[in-house]
Amino acid sequence: MKTYSEYMREFFPDFKVQKISVDAGFSCPNRDGNIGRGGCTYCRVDAFTPAYCLERGSVASQIEAGKRFFARKYPDMRYLAYFQAFTNTHGRDTALLRSLYEEAASAEGVVGIVVATRPDALPDSTLDLLREMSRRLPVWLEIGAESSHDATLRAVNRGHTWHDVEQAVERASVRGLHCGLHLIAGLPGEGDSEVLESVERACALPIETLKLHHLQILSGTELERLWREGKADVRLYTVEEYLELCVRIIERVPERIAIDRFLSQSPPGIVAAPRWNLKNYQFANMLSARLKAR
Ligand code: SF4
């Protein structure tokens, strides 16, 4: 299994890198009516906004705040500007996108940019802009796929299909952009076999990274309402079950693809279920012990 830090060392052999989340004020087409309203049923965007970018300033000032946050521990660290919140290619013309990405790319210590987006929010003009930027520094696209099963995507109101994912990855990778996909384990109607199918389909595409997490039901979401009413056929993994699934996933992911992470823990106060009370590093240690034992 190739870890994300091993993958990063292929790009930056001389120093460690850390992602700094940037909230550049993007919206989401699945919330603002361009594709849908209400968003994905499980989504609560404050779940993925770190404390250092809650008071949103300019892109440059957020990167500075992120650097102050991380530099206390690792003074020699370099950074990837991570356009994370919402859909970071949506709703802005090419000139404005360019200025936001350029502001990040030109910040001192930034050695690459990571743009999180949806597969249906990548027009040619945006991909061409990112290709142009990638001649100066590495550019990663992190595309939310979540599942390869269209019935699941419909059930959670994703507003796109698996075919959209395949097309987006192909169009980005022919431009030399580094692509990663994001999947969620436990979405309505899915069990281990559906998740593993999605992993295999994802790995058949020209991606370089895979990012996974188990489904968490967050308070205040449509999914929470459905779940409390007994209308959401979700798979709420125990730690033990999810560890086993991760091992089976690792067996299926080819060495050329790095696994970015298996866990994304939302702030405990907003998680309705499952409540693991585990830190990411604790889960990583458990997984590593299980892999060694096998
Ligand atoms: S998960 Fe992403 S695409 Fe879905 S509503 Fe939230 S921000 Fe939008």
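Just so it is clear, the model here is predicted, and its values are computed rather than measured. (Residues numbered from 1 in each chain as written. Predicted model: local features only at pLDDT ≥ 70, side-chain atom pairs only at ≥ 80, totals over all residues.)

Draft legend 1. Spatial organisation of the sheet that holds strand E6 (residues 178-185). Across the sheet, eight strands lie side by side as E1-E9-E7-E6-E5-E4-E3-E2; this open sheet has parallel pairing. This sheet does not close on itself; its edge strands, each paired only once, are strand E1 (2-3) and strand E2 (17-22). Alignment of strand E7 (residues 209-214) against strand E9 (residues 258-261), held across three bridges, turns out to be parallel. By the bridge assignment for E9, Leu210 is matched with Ile259. Against the sheet, helix H6 (residues 162-173) makes contact with strand E5 (139-146) and E6, and its axis sits at roughly 170° relative to E5, the strand it touches most. (Pairing = 2+ DSSP bridges. Helix = DSSP H or I, 4+ residues; strand = E, 2+ residues; numbered from the N terminus. Contact = placed C-beta atoms within 7 Å. Axes fitted to C-alpha atoms, helices over the stretch in contact; angles between N-to-C directions.)

Draft legend 2. Focus on helix H3 (residues 94-105). Compared with an ideal rise of 1.5 Å per residue, which puts twelve residues at 16 Å, H3 spans 16 Å between its outermost C-alpha atoms and is within 8% of the ideal. Of all the residues in H3, the buried ones are Leu97, Leu100, Tyr101 and Ala104. In an axial view of H3, the angular spread of the buried residues amounts to 90°, which keeps them on one side of the axis. Pointing more than 90 degrees away from the buried face of H3 are the exposed residues Ala95 and Ser99. Buried residues along H3 sit against E2, helix H2 (59-71), strand E3 (78-83), strand E4 (110-117) and helix H4 (124-133). (Expected span 1.5 Å × (residues − 1). Buried ≥ 20, exposed ≤ 12 C-beta atoms within 10 Å, placed from the backbone. Arc of directions from axis to C-beta.)

Draft legend 3. Region of interest: the site of the ligand. In the vicinity of the ligand, the contacting residues are Cys28, Asn30, Arg31, Gly39, Cys40, Cys43, Val45, Phe86, Thr87, Arg118 and Gly144. Grouping the amino acids of the shell around the ligand by side-chain chemistry returns five nonpolar, four polar and two charged. (Near = placed C-beta within 6 Å. Nonpolar A, V, L, I, M, F, W, Y, C, P; charged D, E, K, R; others polar.)

Draft legend 4. Region of the structure containing the pairing of E9. Relative to E9, E1 is paired through two bridges, and the arrangement is parallel. In the sheet register, Thr3 faces E9, and the bridge partner there is Ile259.

Draft legend 5. Structural detail: helix H9 (residues 239-252). Between its first and last C-alpha, H9 extends 20 Å over 14 residues, near the 20 Å set by a 1.5 Å rise per residue. Of all the positions in H9, only Tyr242, Leu245, Cys246 and Ile249 are classed as buried. Buried residues of H9 fall within an arc of 105° about the axis and therefore sit on the same side. In H9, the exposed positions angled more than 90 degrees off the buried face are occupied by Glu240 and Glu251. For H9, the elements touching its buried residues are E6, helix H7 (192-203), E7 and helix H10 (280-293).

Draft legend 6. Examining the nonpolar core more closely. In terms of nonpolar packing, the biggest core is built from 74 residues, with Val22, Ile63, Ala81, Phe83, Ala104, Ile113 and Leu183 touching the most fellow members. Those residues in contact with Ile113, other than ones at most four positions away along the chain, are Leu80, Ala81, Phe83, Tyr101, Ala104, Ala105, Leu137 and Val139. (Core = buried A, V, L, I, M, F, W, Y, C linked by C-beta atoms within 7 Å.)

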